[in-house]
Amino acid sequence: MQRKHKILIIVGCIVLAMALAGVAIWYFWVPIDPVQKHLGSVMVQKEALHLFFPLSATKLGKRTLEVRADAPDKERAELILRELKKEKILPSGVQLREVAVGVDGVLYLNLSRGLMETQAGVSSEIMMIYSLVNSFITSFKDTRKVQLLFEGQPAYTIRGVVYTYLPLEFNRELLED
């Protein structure tokens, strides 16, 4: 009788060990989120950043970029600015001083004065401002508006066209149909 108990205990332990091993293998080998990417043996989760750029003098198009999910806000902001500079939407002299997301849903984007020194026409200023605003609103979680600051201070306007003293909202009217 005791021998049967020992055999049952041994078989139970083996079954339990196999079940635990199966759960462990499934947990470490099956990706939980389809957005995860494999880099060697390290899994890195990615998120999408959305970049808005002029398609014409009156319409913005959208392109998606990938960034690490754990990337700091400043790194995300610098990536967006770098891409907008590549597309010649922003002048190359524009530099990011600071980026901060407030609890009120406003993203504070502190830039160098290089943006204010651009020689932009009416439509190009509108496209430049809303390329920035729309890109930042869609790429930063819980952001509803963007406050543009220049060397830490708000400005009434960049070149006299768009009122930038208060936070700006996403502009759907400029998106391609």
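Above this text you will find the structure in question.
Residues numbered from 1 in each chain as written. Predicted model: local features only at pLDDT ≥ 70, side-chain atom pairs only at ≥ 80, totals over all residues. Heavy atoms only, no water.

Q: Could you give me a rundown of the overall build of the protein chain, with the residues and numbers involved?
A: In terms of regular secondary structure, the protein chain is built from three helices and seven strands. Listed by position from the N terminus, the elements making up the protein chain come as α-β-β-β-α-β-β-α-β-β. Across the 177 residues of the protein chain, 34% fall into the buried class. Restricting the contact set of the protein chain to residue pairs at least 6 apart, pairs at least 24 apart contribute 56%. (Helix = DSSP H or I, 4+ residues; strand = E, 2+ residues; numbered from the N terminus. Buried < 20%, exposed > 50% of the residue type's maximum accessible area, 1.4 Å probe, protein only. Contact = heavy atoms within 4.5 Å.)

Q: Just give me the short version of unusual backbone geometry, but keep the residues and values in it.
A: Phi angles above zero are rare outside glycine, and K88 is one such case at about 65°. Structurally, K88 can be placed in the loop between helix 2 (73-86) and strand 4 (96-101). With a phi angle near 55°, E151 is a residue other than glycine that sits in the positive phi range. Following the sequence through the fold, E151 ends up in the loop between strand 6 (145-150) and strand 7 (168-169). Looking at E151, the relative accessible area reads 38%, which means it is partly exposed.

Q: Explain the pairing of strand 4 to me, using residue names and the numbers behind them.
A: Pairing between strand 4 and strand 5 (residues 106-111): five bridges, direction antiparallel. The residue of strand 5 that forms the bridge with A100 is Y108. A loop of four residues connects strand 4 with strand 5, the two strands running antiparallel in sequence, and G105 in this loop sits at a positive phi of about 85°. (Pairing = 2+ DSSP bridges.)

Q: Hey, could you go over the sheet that holds strand 5 for me, with residue numbers and the actual values?
A: Spatially, 4-5-6-7 is the arrangement adopted by the four strands of the open sheet, whose pairing is mixed. Each having just a single partner strand, strand 4 and strand 7 make up the two edges of the open sheet. Helix-sheet contacts for helix 2 involve strand 4 and strand 5, and the interaxial angle to strand 4 is about 125°. (Axes fitted to C-alpha atoms, helices over the stretch in contact; angles between N-to-C directions.)

Q: Could you give an account of the pairing of strand 5, naming the residues involved and the relevant values?
A: A large share of strand 5 lies buried, amounting to five of its six residues. Bridge count for strand 5 against strand 6 is six bridges, and the pairing is parallel. Bridge pairing in strand 6 links N110 to L149.

Q: Account for the side chain of T164, with residues named and values stated.
A: With respect to the element layout, T164 can be found in the loop between strand 6 and strand 7. Setting aside anything within four residues of it in sequence, one finds T164 in contact with I129, Q147, L148, A155, Y156, T157 and I158.

Q: Could you give an account of the packing of helix 2 against helix 3 (residues 122-139), naming the residues involved and the relevant values?
A: Packing of helix 2 against helix 3 leaves a shortest axis separation of 11 Å and a crossing angle of 145°. Here helix 2 runs over helix 3; the crossing is right-handed. Each of R76, A77, I80, L81 and L84 in helix 2 lies in contact with helix 3, whose residues at this interface are S131, L132, S135, F136 and S139. A per-class count over the contact of helix 2 with helix 3 returns six nonpolar, three polar and one charged. (Left-handed = near helix turned anticlockwise from the far one by under 90°. Nonpolar A, V, L, I, M, F, W, Y, C, P; charged D, E, K, R; others polar.)

Any functional reading would require information beyond the geometric quantities listed.
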